[in-house]
Amino acid sequence: MSEPKFKRVLLKLSGEALMGDDQFGINRSTIIRMTEEIAEIAKIGVELAIVIGGGNIFRGVAPGAQGMDRATADYMGMMATVMNSLALQDALKHHGVESRVQSALNLDQVVEPYIRLKSLHYLDEKRTVIFAGGTGNPFFTTDTAAALRGAEIGAEVVLKATKVDGIYSSDPNKDPNATLYHKISFDECISRRLEVMDATAFALCRDQKLPIQVFSINKPGALKRVIMGEQEGTLVHI
Ligand code: UDP
């Protein structure tokens, strides 16, 4: 069997990826399918760290949060990522993958705090690490948490799992001539005004020379193909 292209990766999953076709929350068959794919790469020895968003839970409370102080709403969003992390940890366990959740927010009874050296130790031991609580700061996103933790743990790439299968020259839902980029540089993304991640996350990856691979979480086998270095989605490179 061929070797994986990457030894250590940071996988960013949006919370909304867990919703499936539901309006909010965690769709059971969706999390099982995603977990099967994640378990497959964990089992081939790839050192895997995961950052998960909170959009799926936060969307459910969004009407009640309207008009709320931004920082308060952001803390609620970060708590939502902790719930998703626990759900993911539990689902991974059912697929035979031991993982540790480390949170940027202190929730001692539920998850351990983020301690970089400890997470590096887990990764060295081939245990999957799930980083919960985003960056621990309001006014940021889990994309930025992914870039930050990715840089901290020395990941070779940030794998951004999205609803679309890569970066297009224009919106493929509106433009029939839109073409998919297989590879594109950070500078080209800026000059073509292509939004890959939020600006803070994008700038951090660029500064740290941390490539971003964008691919679809809904495409069966896509994650494995990315890991094996096969053509899939779009690679944003220096
Ligand atoms: N959030 C935050 N700081 C962070 C990460 C997340 O305040 O470092 C909050 C923010 O309100 C955000 C929510 O948590 O809207 C959920 O994160 P995100 O939108 O990145 O989740 P996703 O869209 O990937 O599901």
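Residues numbered from 1 in each chain as written. Predicted model: local features only at pLDDT ≥ 70, side-chain atom pairs only at ≥ 80, totals over all residues. Heavy atoms only, no water.

Within an unreviewed UniProt entry, the label attached to the chain reads Uridylate kinase, and the organism entered is Basilea psittacipulmonis DSM 24701. Under the UniProt heading Catalytic activity (unreviewed entry), the note attached to the chain is "UMP + ATP = UDP + ADP". Under Function (unreviewed entry), UniProt gives the following word-for-word description of the chain: "Catalyzes the reversible phosphorylation of UMP to UDP." (UniProt positions renumbered as here; feature names shortened; annotations may be inferred.)

A.B. asks: What exactly am I supposed to notice about helix α5 (residues 142-152) here?
C.D. replies: One full turn of an α-helix is made of 3.6 residues, so residues set three or four places apart face in the same direction. Burial within α5 is extensive, with eight of its 11 residues counted as buried. Three or more residues of α5 are buried, namely Thr142, Asp143, Thr144, Ala145, Ala146, Ala147, Arg149 and Gly150. Close packing links the buried residues of α5 with β1 (8-13), β2 (47-52), α3 (70-94), β5 (128-132), β6 (157-162) and α7 (199-207). For α5, the side-chain oxygen to backbone nitrogen distance between the N-cap and Asp143 is 3.2 Å, and the N-cap itself is Thr141. Just downstream of α5 lies Gly154, where phi reads positive at about 70°. (Buried < 20%, exposed > 50% of the residue type's maximum accessible area, 1.4 Å probe, protein only. Helix = DSSP H or I, 4+ residues; strand = E, 2+ residues; numbered from the N terminus. Contact = heavy atoms within 4.5 Å. Polar contact = N/O pair within 3.5 Å; in protein donor to acceptor, adjacent residues only side chain to side chain.)

A.B. asks: What is the right way to read the packing of helix α2 (residues 55-65) against α3 from this model?
C.D. replies: The relative placement of two packed helices comes down to the angle between their axes together with the axis-to-axis distance. Between α2 and α3, the least distance of the axes is 8 Å, while the angle of their chain directions is 135°. Considering the angle they form, α2 stands oblique to α3. α3 is crossed by α2, and the crossing has right-handed handedness. Between α2 and α3, the residues in contact are Asn56, Ile57, Phe58 and Val61 and Ala73, Met76, Gly77, Ala80, Met83 and Asn84, respectively. Taken together, the residues of the contact of α2 with α3 break down into seven nonpolar, three polar and no charged. (Axes fitted to C-alpha atoms, helices over the stretch in contact; angles between N-to-C directions. Parallel < 35°, antiparallel > 145°, perpendicular 65-115°, else oblique. Left-handed = near helix turned anticlockwise from the far one by under 90°. Nonpolar A, V, L, I, M, F, W, Y, C, P; charged D, E, K, R; others polar.)

A.B. asks: In this structure, what is going on with the UniProt feature "binding site: UMP" (unreviewed entry) in the chain? I would like to understand it.
C.D. replies: As recorded in UniProt, the sites labelled "binding site: UMP" (unreviewed entry) are Gly54, Asp74, Thr135, Gly136, Asn137, Pro138, Phe139, Phe140, Thr141 and Thr142. With the annotated positions falling across 89 residues, the maximum pairwise C-alpha distance of 14.1 Å places them together in a single cluster. Residue placement: Gly136 occurs in the loop between β5 and α5. Residue Gly136 is classed as buried on the basis of its relative accessible area, which comes to 16%. Here Gly136 is in contact with Tyr75, Met78, Ala104 and Leu105, once residues within four sequence places are set aside. Here Phe140 lies in the loop between β5 and α5. With sequence-adjacent residues up to four places away left out, Phe140 is seen in contact with Thr135 and Thr200.

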